[in-house]
Amino acid sequence: MNQEFKIGNFKLIQDEDGYAIRKIIEGNMYEAIATLKYAEDSVAYFNNIIMEAVAYQYNQQTKQVITNISKEENEDTSI
């Protein structure tokens, strides 16, 4: 049974050989970044990649909010 699950730039693919984690490199072309034998390992690996991406995005958004708040506070005190 072939299956695939996609989130963002990543795919988790199950085929007759096992499981593969692929990352989009351009257009519809993907590069394999991991191949695994067991479903549990592939899901855990895929989950870690997604959670790292979510944490990175959260960190970037937090930095942006802090920067904006700092700018607003500096503007308020200069009056």
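Attention now moves to the pattern of salt bridges. Counted according to the given criterion, the structure contains one salt bridge. Measuring nitrogen to oxygen at the nearest pair gives 3.1 Å for the salt bridge that ties glutamate 4 to lysine 11. Residue class for glutamate 4 comes out exposed when judged on its relative accessible area of 51%.

Taken in spatial order, the four strands line up as E1-E2-E3-E4 in an open sheet, and their pairing is antiparallel. The sheet is open, and its two borders are formed by strand E1 (3–7) and strand E4 (29–36), each paired with just one other strand. Geometrically, the sheet is characterised by an average inter-axis angle of 25 degrees between neighbouring strands, direction not taken into account. With six bridges connecting them, strand E2 (residues 10–15) and strand E3 (residues 18–26) associate as antiparallel partners. Bridge pairing in E3 links phenylalanine 10 to lysine 23.

We now examine the packing of aromatic side chains. Each pair of aromatic rings is reported with the distance of its centres and the angle of its planes. For the coordinates displayed, the defined rule picks out one aromatic pair. With centroids separated by 5.9 Å and ring planes inclined at 75 degrees, the aromatic side chains of phenylalanine 5 and phenylalanine 46 adopt a geometry described as edge-to-face. Here the residue phenylalanine 5 occupies a position in strand E1, and phenylalanine 46 occupies one in helix H1 (residues 39–77), the gap between them amounting to 41 residues. Classification of phenylalanine 46 by relative accessible area gives buried; the value is 5%.

What follows concerns the environment of asparagine 68. Within the element layout of this structure, asparagine 68 appears in helix H1. Once the C-alpha coordinates of asparagine 68 and tyrosine 30 are considered, the two residues, 38 residues apart in sequence, prove to be 37 Å apart.

How each quantity is defined
- Residues numbered from 1 in each chain as written.
- Predicted model: local features only at pLDDT ≥ 70, side-chain atom pairs only at ≥ 80, totals over all residues.
- Heavy atoms only, no water.
- Salt bridge = Lys/Arg side-chain N within 4 Å of Asp/Glu carboxyl O.
- Buried < 20%, exposed > 50% of the residue type's maximum accessible area, 1.4 Å probe, protein only.
- Pairing = 2+ DSSP bridges.
- Helix = DSSP H or I, 4+ residues; strand = E, 2+ residues; numbered from the N terminus.
- Axes fitted to C-alpha atoms, helices over the stretch in contact; angles between N-to-C directions.
- Phe/Tyr/Trp six-rings, centres within 6.5 Å; stacked < 30°, edge-to-face > 60°.

Structural measurements only, silent on function.
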